[in-house]
Amino acid sequence: MSNFFVSSIGKKFVMSVTGMFLILFLIVHLTVNSMIIIDDTGALFNKAAHFMATNPIIKIIEPILAIGVILHILFASLITLQNQLKRDINYPGLRRYKKYDTCASTNWQSRNMYILGTVILTFLVIHLINFFWKIRYTGSPLLEQPTILSSEIKNVYALVTTRFTTWWYVLIYVIGAVALGLHLYHGVWSAFQTLGWSNRKWRKILNVIGVIISVILGGGFAFIPLFVFIKSII
Ligand code: HEM
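Reading guide: rules and limits
- Residues numbered from 1 in each chain as written.
- Predicted model: local features only at pLDDT ≥ 70, side-chain atom pairs only at ≥ 80, totals over all residues.
- Helix = DSSP H or I, 4+ residues; strand = E, 2+ residues; numbered from the N terminus.
- Buried ≥ 20, exposed ≤ 12 C-beta atoms within 10 Å, placed from the backbone.
- Contact = placed C-beta atoms within 7 Å.
- Near = placed C-beta within 6 Å.
- Nonpolar A, V, L, I, M, F, W, Y, C, P; charged D, E, K, R; others polar.
- pLDDT = per-residue confidence, 0-100.
- Core = buried A, V, L, I, M, F, W, Y, C linked by C-beta atoms within 7 Å.
- Expected span 1.5 Å × (residues − 1).
- Arc of directions from axis to C-beta.
- Axes fitted to C-alpha atoms, helices over the stretch in contact; angles between N-to-C directions.
- Parallel < 35°, antiparallel > 145°, perpendicular 65-115°, else oblique.
- Left-handed = near helix turned anticlockwise from the far one by under 90°.

## What to know about the overall build of the chain
Working step 1: Helix and strand counts for the chain stand at 10 helices and zero strands.
Working step 2: The buried share of the chain, taken over its 234 residues, is 24%.
Working step 3: A separation of at least 24 residues holds for 72% of the contacts in the chain among residues at least 6 apart in sequence.

This is the structure:
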């Protein structure tokens, strides 16, 4: 069993399962965040954010999510390092000849999954420091602004929408969302393949599912900060 996780296919399996789990989280996260644009009183989003922060089931899922993110990054690093070493052994000096480095049968996203993942991780750290950390630990005067709901409910809407009135902060979100979309476009397809769900018949359908997931998640996460920013300047 332990040999399985050391093998290439074992590592890919872990990446696929954790990746699918992270996609499920992102679908829920985008659904909750879309309440920012549906209701401009902020009541709906504040209620949803309160539910997500206090619900016991979500509290159990949160550490699993953190472990999922860590495993995904760890195994991605191992696979990338392994591939790099293999290439250096089989084709010494290859990296000096950049033109051989780009295989015609792979697309840009598949060759740059690790770079896209690093961009997403950088975005995630900035994101967590500005929202998660403030909401859970350090607090912010914006969170204490009165809401039309009970006084126990933090004004997460005020925190998020105030952040999205700064153009460079919105830009960070757009870059993060585009990187996420490109990462998912190849990631979903690759996960289906690793889990053995991709044969000739399903290839096209799974490709379309990959495109739909990446456009909805990438586009959705970019649209929310842009929407709030544009609304604040007109
Ligand atoms: C429109 C864009 C986004 C908004 C408005 C948003 C909002 C938030 C907020 C308010 C929290 C804190 C929740 C709490 O602690 O109660 C949070 C947490 C989090 N966000 Fe986002 N987010 C966005 C995009 C993203 C993206 C693109 C990712 C992943 C690539 C992401 C990953 C996370 C994670 C992992 C957490 C911590 C887990 C949790 O608190 O449930 N978010 N987000």
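## Here we look at the site of the ligand
Working step 1: Around the ligand there are 23 residues in total, and Ala 53, Phe 131, Ile 135, Phe 221 and Ile 224 lie nearest to it.
Working step 2: Elements with a minimum of two residues in the shell around the ligand: helix 2 (8–33), helix 4 (43–54), helix 7 (113–138), helix 8 (156–163), helix 9 (167–194) and helix 10 (200–233).
Working step 3: At eight residues, helix 7 tops the list of elements feeding residues into the shell around the ligand.
Working step 4: When the residues that make up the shell around the ligand are grouped by side-chain class, the tally is 17 nonpolar, four polar and two charged.

## Let's talk about the confidence of the model for the chain
Working step 1: For the chain, the mean per-residue pLDDT works out to 88, and 90% of the residues sit at or above 70.
Working step 2: Confidence over residues 96–102 falls short of pLDDT 50; this stretch has four contacts with residues more than four positions distant or in other chains.

## Focus on the nonpolar core
Working step 1: Ranked by internal contacts, the top residues of the largest apolar core, which has 27 residues, are Ile 36, Val 156, Val 160, Leu 180 and Phe 221.
Working step 2: Contributing elements (two or more residues each) for this core: helix 4, helix 7, helix 8, helix 9 and helix 10.
Working step 3: Broken down by element, this core gets its largest block of residues, 12 residues, from helix 9.
Working step 4: When sequence neighbours within four positions are dropped, the list of residues in contact with Val 156 reads Phe 45, Asn 46, Ala 49, Ile 135 and Leu 143.

## Observations regarding the environment of Met 113
Working step 1: Locating Met 113 in the fold gives a position in helix 7.
Working step 2: As for Met 113 and Thr 80, which are separated by 33 residues in sequence, their C-alpha atoms are 9.4 Å apart.
Working step 3: Excluding anything up to four places from it in sequence, Met 113 contacts His 183 and His 186.

## Structural notes on helix 4
Working step 1: Between its first and last C-alpha atoms helix 4 spans 16 Å; for 12 residues at 1.5 Å apiece the expected length is 16 Å, and the two agree.
Working step 2: Every buried residue belonging to helix 4 is among Phe 45, Asn 46 and Ala 49, and all of these are buried. End-on view of helix 4: buried residues confined to an arc of 95 degrees, all on one side of the axis. Facing away from the buried surface of helix 4 by more than 90 degrees, the exposed residues are Phe 51 and Thr 54.
Working step 3: Buried residues along helix 4 sit in contact with helix 2, helix 3 (35–38) and helix 8.

## What to know about the packing of helix 7 against helix 8
Working step 1: At their nearest, the axes of helix 7 and helix 8 sit 11 Å apart, and the two run at 155 degrees to each other. Considering their axes alone, helix 7 and helix 8 lie roughly antiparallel with respect to each other. In the packing of helix 7 onto helix 8, the handedness of the crossing is right-handed. Where helix 7 abuts helix 8, its residues Asn 130, Phe 131, Lys 134 and Ile 135 lie against Val 156, Leu 159, Val 160 and Arg 163.
Working step 2: Split by residue class, the contact of helix 7 with helix 8 holds five nonpolar, one polar and two charged.

## Some words on the environment of Ser 214
Working step 1: Turning to its location among the elements, Ser 214 is positioned in helix 10.
Working step 2: Given 22 C-beta atoms within a 10 Å radius, Ser 214 is considered buried.
Working step 3: As a C-alpha pair, Ser 214 and Gly 187 span 27 residues in sequence and 9.2 Å in three-dimensional space.
Working step 4: Ser 214 has contacts with Gly 181, Leu 184, Tyr 185 and Val 188, leaving out every residue within four places of it along the chain.

## As for helix 10
Working step 1: The terminal C-alpha atoms of helix 10 lie 50 Å apart, and with 34 residues this matches the ideal 50 Å at 1.5 Å per residue to within 8%.
Working step 2: Among all positions in helix 10, only Ser 214, Leu 217, Gly 218, Gly 220, Phe 221, Ile 224, Pro 225, Val 228 and Phe 229 are buried.
Working step 3: In this fold, the buried residues of helix 10 make contact with helix 2, helix 3, helix 8 and helix 9.

## Focus on the packing of helix 9 against helix 10
Working step 1: At a closest axis distance of 8 Å, the pairing of helix 9 and helix 10 adopts a crossing angle of 170 degrees. By the angle class used here, helix 9 and helix 10 are roughly antiparallel.
Working step 2: Each residue belonging to the contact of helix 9 with helix 10 can be placed in one class, and the counts come to 23 nonpolar, six polar and no charged.

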